[in-house]
Structures are given as structure tokens and as C-alpha cells.
Amino acid sequence: MTKDTTEEYALNKVVIYTDGACKGNPGPGGWGVLMRSTDGSVKELSGGERETTNNRMEMMAVIQALSALKRPCEVTLHLDSQYVLKGITEWLAGWKAKGWKTAAKQPVKNVDLWQQLDQLVSQAGHRIDWRWVKGHAGDPGNEQADALANLGVVQASQR
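Described in the following lines is the structure provided in the data block.

Calculation criteria
- Residues numbered from 1 in each chain as written.
- Predicted model: local features only at pLDDT ≥ 70, side-chain atom pairs only at ≥ 80, totals over all residues.
- Heavy atoms only, no water.
- Helix = DSSP H or I, 4+ residues; strand = E, 2+ residues; numbered from the N terminus.
- Buried < 20%, exposed > 50% of the residue type's maximum accessible area, 1.4 Å probe, protein only.
- Contact = heavy atoms within 4.5 Å.
- Lys, Arg positive; Asp, Glu negative; His and termini not counted.
- Charge placed at Lys NZ, Arg CZ, Asp CG, Glu CD.
- Phe/Tyr/Trp six-rings, centres within 6.5 Å; stacked < 30°, edge-to-face > 60°.

With that out of the way, let us pick up the overall build of the chain. Looking only at helices and strands, the chain has 5 helices and 5 strands in total. Along its sequence from the N terminus, the chain presents helices and strands in the succession α-β-β-β-α-β-α-α-β-α. When each of the 159 residues of the chain is scored for burial, the buried share is 45%. Within the chain, residue pairs in contact and separated by at least 24 positions form 66% of the contacts whose partners lie at least 6 positions apart. Measuring between centres, the 19 positive side-chain charges of the chain sit 5 Å from its 18 negative side-chain charges.

Further remarks concern the side chain of aspartate 118. Inspection of the secondary structure puts aspartate 118 in helix α4 (residues 111–123). Not counting residues up to four positions away in its chain, the partners in contact with aspartate 118 are Leu92 and Lys96.

To continue, consider the packing of aromatic side chains. Here a ring pair, both rings aromatic, is described through the centre-centre distance and the interplanar angle of the planes. Evaluated as defined, the whole model comprises 3 aromatic pairs. Here tyrosine 83 and tryptophan 114 contribute two aromatic rings whose centre-to-centre distance is 5.4 Å and whose plane-to-plane angle is 65°, an arrangement assigned as edge-to-face. Note that tyrosine 83 is positioned in helix α3 (residues 82–97) and tryptophan 114 in helix α4, a separation of 31 residues in sequence. Classification of tyrosine 83 by relative accessible area gives buried; the value is 18%. With a centroid separation of 5.1 Å and 65° between ring planes, the pair formed by tryptophan 95 and tryptophan 114 is classed as edge-to-face. In this pair, tryptophan 95 sits in helix α3 while tryptophan 114 sits in helix α4, placing the two residues 19 residues apart along the sequence. For tryptophan 95, a relative accessible area of 10% corresponds to the buried category. Joined through ring pairs, the aromatic side chains of Tyr83, Trp91, Trp95 and Trp114 make up one cluster.

Spelled out as C-alpha cells, the structure:
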């Protein structure tokens, strides 16, 4: 979809909270997503993996949230992961320019997920306002995403 096509209609507004959790790092992990649309609809998503890391689950939550959107949206995305926030807003362009290497010339960790997230952010037509929220500090949306991430850990552990 071209930028011009996207601007022909008003984008749906969606507020998203994402979180990841891991019991052991690595260990069983989960991701959680709380989505609220301006039409009042609410969607909760969760999932997990038996052997993963906290950073991968934080990224997976954002990937799953953006993948769940059926058309371009105006997104306010709340996350408590500085790793994901800085990765997408500060580090990504440099990694890509260096062939997915860090400033220290090392391979970027979780490159598979970074490439997936980059594609979602750059090609899905969303306008995303990235907002960091302090985790475990009483923000209701973050607390619900955390509960969903922990549910994902339980689901993954039972498989």
C-alpha cells in the first residue's frame, strides 16, 4: 500500500500494551498483548515458547500485536522493554546499514525477530507512536499485558 493510499481514509486508532516474561533466562517464556480500539473493542493475545529469552518474548509481543492488525492503523504502542524501544527507534537503521552487525561488528542478537519487526513496521502502513512505560508500576494496561505474558509462560510450560 502506498503512502498516498493510506492517507485517503482515516486510520483506525488502536492502543496497544505489550509485555514479555521468562522464567529463567533462557527458560520457558511468554508474551502478552492488550489491544483497545477506538470503537471500544478489546483483544487479548498470549503465547509462549518452552525455551527462549526475555528479550525474544518482549519482541514477540510487539510482532504478534502488529501482525494482528488487519489494516493500517494509528497505533499508540506501550512497552516496558528498553531493548525493543531503543532497538526499533535508535539502533535498527545502523544495524541494517552495517549488514545486521552491531557497532562492535558482532552479529545482531535476535536478528530473525528484528527483521520480522522491521518488515512489519516499515511495510504495514501503520503510524506508530512508541511509548515506554515503567513495568510493574501499576499501569493497568501494562499490568494486563504482564498477566497475559505470564499466562503464555504457563501455556508454554504445559506443552
